[in-house]
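One letter stands for each residue in the lines below.
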Amino acid sequence: MRADGNARYLMIKSIWEGKGLNEKQILEHTDKPVVIVIGKKDPFINNQYIEQEVQYSSLVGMHFLDCGHAPHWEKPEEFTSILDLFVQKIEKAMIEKKK
């Protein structure tokens, strides 16, 4: 499966125009729960940077799967299991917060 050609065009256009967001800054300052699921063999991501250089403000979990750029396609069972556990943790935290 490939990304929609228009999506690629819009992504490159926004980067070229300097309209992109600083993901590192977002992850370091968000109050929203975050889970990271990355392929160990992803050619586009520096896993060491993701693991060591970002000071996450609300990290719930970080998972490196034995795959490339698309863990949700390449390892769907593992990805779904991680996502299910993440949602359960968030639901539990929300219930506890209401008490």
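A. Representation of the environment of lysine 41. Mapped onto the fold, lysine 41 is located in the loop between strand 1 (34-39) and helix 3 (47-52). Put simply, lysine 41 and tryptophan 16 are 25 residues apart on the chain and 27 Å apart in space, counted from C-alpha to C-alpha. If we skip the residues at most four places from it in the chain, lysine 41 touches Asp66, Cys67 and Gly68. At 3.1 Å, the side chain of lysine 41 and the side chain of aspartate 66 are in polar contact.

B. Region of interest: the pattern of salt bridges. Going through the model one piece at a time under the given rule, you end up with four salt bridges. Between glutamate 17 and lysine 13 there is a salt bridge, with its nearest N and O atoms 3.6 Å apart. When its relative accessible area of 35% is taken as the criterion, lysine 13 is described as partly exposed. Note that glutamate 28 and lysine 24 form a salt bridge whose closest N and O atoms lie 3.0 Å from each other. One end of the pair is glutamate 28 and the other is lysine 24, both in helix 2 (residues 23-29) and four residues apart, which spans about a single turn.

C. Main features of the side chain of asparagine 47. Here asparagine 47 lies in helix 3. For asparagine 47, a relative accessible area of 14% gives the class buried. Here glycine 39 takes part through its backbone oxygen, which lies 3.3 Å from a polar atom of the side chain of asparagine 47. Ignoring anything within four residues of it in the chain, the contact list for asparagine 47 reads Ile38, Gly39, Lys40 and Phe64.

About the cut-offs
Residues numbered from 1 in each chain as written. Predicted model: local features only at pLDDT ≥ 70, side-chain atom pairs only at ≥ 80, totals over all residues. Heavy atoms only, no water. Helix = DSSP H or I, 4+ residues; strand = E, 2+ residues; numbered from the N terminus. Contact = heavy atoms within 4.5 Å. Polar contact = N/O pair within 3.5 Å; in protein donor to acceptor, adjacent residues only side chain to side chain. Salt bridge = Lys/Arg side-chain N within 4 Å of Asp/Glu carboxyl O. Buried < 20%, exposed > 50% of the residue type's maximum accessible area, 1.4 Å probe, protein only.

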